[in-house]
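# Coordinates in review
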Amino acid sequence: MSKQRILSGITPSGNSLHIGNYFGAVQPQIQLQHSAQTYYFVADLHALTTIQNREVLEKNIFEVVLDYLALGLDPEQCVLFRQSDVPAHSQLAVVLGNYISFGQMQRMHAFKDKLQKDTTVESINMGLFNYPILMAADILLYKPYGVPVGEDQRQHIELTRDIAENFNRTYNTDVFPLPEPLISQEVGKIIGTDGQRKMSKSLGNIIGIFEDEAVIRKQIMGAYTDPNRKRATDPGSVEGNTVFLYHDLINDNVDEVAELKARYQAGTVGDVEVKEKLFTAHQRMFAPARQRRAELAQDPERVKEILREGAQKAQAFAQQTLEEVYTVIGVKGV
Ligand code: ADP
Ligand code: TRP
């Protein structure tokens, strides 16, 4: 039996990865490369909604590819490519805009949130408004079984399903299978170091992965713990304590974590020691990736080669779907 096909995209928006991105999206995506046929791409055309500077965009694309390769994405297992290298994405997007209403597009969160912030449609570019249609094209071209992403992408996948259903119904065809959102219940939304909100670069509540050690140490030392605990000798609460949540994710020494929790509850360990041990565990978990990233950064030709090969494979698949669609709608065959 052939393996199920999985697809996902990563916007090169310039945010360096944090452990929320990692556990919520990147790690599940990378793990799937062993059990599924995976297509992952850098959504460079999507980034134009916010990045309109050539040097910055080029740099961001390179950086995000380095992040993924360093964290374990294997180009032998997975097709890794750049969206703009496969013209079928843009071509299918032009077609799909006809199977969704303006009203439904106006109800998309990204557009509505931006409208609330900027208060007028004059300041919203059409790339942002059309973003979900291009994303539907990205997905439907590869007829994937599922799309692994974080919780904030759910609405986009639902819209993709609506477009696919509408298209299939209009032409009485089954060209597009409906894709499943693959979103983790447990780690789809990791909490930030403020102990309050979703970890997000723009909220300044992150623990990074590739920043200097001094920066990461500072981020960990500033994390929210148990606000009711005044002294290291007070019994503390482990439940809902962000530092222990991160220990559960990062620290592979489960005996140490269990012992720290017991001592914390008994009031025989201070916050500083718990955080020091988290920092050491972070180094243990990410040191190999940091090392690989530094090496790969010296070899941009290798990165380009990986993207070139990925684009060839992706194009072969995507072009077939596009031709199928062109035939169904009646622009081919004359
Ligand atoms: P950020 O919110 O930091 O700007 P992005 O929007 O670039 O992150 O998200 C990249 C991927 O990581 C998406 O699939 C998103 O759903 C996921 N993601 C972002 N923040 C978190 C979080 N705190 N927990 C889990 N997944 C997340
Ligand atoms: N919108 C996604 C994000 O911001 C990136 C993306 C673009 C994507 N096209 C996609 C994700 C197709 C999955 C499938 O994270």
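Just so we're clear, the structure is a prediction, and the values are computed from it rather than from any experiment.

## What to know about the side chain of Thr49
- By the secondary structure assignment, Thr49 is in the loop between helix 2 (44–47) and helix 3 (54–70).
- Within the structure, the side chain of Thr49 is placed 3.2 Å from the backbone oxygen of His46, a separation counted as a polar contact.
- Residues contacting Thr49, with those up to four places away along its chain left out, are Asn125, Gly127, Leu128 and Tyr131.

## Considering the pattern of salt bridges
- Considering all chains together, one arrives at 20 salt bridges under this definition.
- Linking Arg229 and Asp271 is a salt bridge whose minimum nitrogen-to-oxygen distance equals 3.2 Å. Of this pair, Arg229 sits in the loop between helix 9 (213–221) and helix 10 (242–250) while Asp271 is found in helix 12 (residues 271–297), placing the two residues 42 residues apart along the sequence.
- Classification of Arg229 as buried rests on a relative accessible area of 11%.
- When salt bridges that share partners are traced, they join Glu259, Arg263, Glu273 and Lys277 into one network.

## Looking at empty space enclosed by the protein
- One pass over the structure, following the stated rule, counts 1 cavity of 30 Å³ or more.
- Roughly 30 Å³ of volume is contained in the largest cavity.
- Lining the largest cavity we find Glu213, Ile216, Phe279, His282, Gln283 and Arg290.
- Residue assignment for the lining of the largest cavity shows that the elements contributing at least two residues are helix 9 and helix 12.
- Per-element tally for the lining of the largest cavity: the top contributor is helix 12, with 4 residues.
- Broken down by class, the residue content of the lining of the largest cavity amounts to 2 nonpolar, 2 polar and 2 charged.

## Some remarks on helix 7 (residues 126–140)
- Between its first and last C-alpha atoms helix 7 spans 21 Å; for 15 residues at 1.5 Å apiece the expected length is 21 Å, and the two agree.
- A maximum bend of about 40° is found in helix 7 at Pro132.
- With 12 of its 15 residues buried, helix 7 lies for the most part within the structure.
- All buried positions along helix 7 are accounted for by Leu128, Phe129, Tyr131, Pro132, Ile133, Leu134, Met135, Ala136, Ala137, Asp138, Ile139 and Leu140.
- At the N-terminal boundary of helix 7, the capping side chain belongs to Asn125, with an oxygen 3.1 Å from the backbone nitrogen of Gly127.

Conventions adopted
Residues numbered from 1 in each chain as written. Chains lettered and ligands numbered in written order. Predicted model: local features only at pLDDT ≥ 70, side-chain atom pairs only at ≥ 80, totals over all residues. Heavy atoms only, no water. Helix = DSSP H or I, 4+ residues; strand = E, 2+ residues; numbered from the N terminus. Polar contact = N/O pair within 3.5 Å; in protein donor to acceptor, adjacent residues only side chain to side chain. Contact = heavy atoms within 4.5 Å. Salt bridge = Lys/Arg side-chain N within 4 Å of Asp/Glu carboxyl O. Buried < 20%, exposed > 50% of the residue type's maximum accessible area, 1.4 Å probe, protein only. 1 Å grid on protein atoms, 1.4 Å probe; cavity = no way out; pocket = protein on both sides within 12 Å on 5 of 7 lines; lining within 4 Å. Points joined across faces, edges and corners; volume = space filled by probe spheres on them. Nonpolar A, V, L, I, M, F, W, Y, C, P; charged D, E, K, R; others polar. Expected span 1.5 Å × (residues − 1). Bend = angle between axes of the 7 residues up to and from the residue.

Interpretation in functional terms is not warranted from these geometric data alone.
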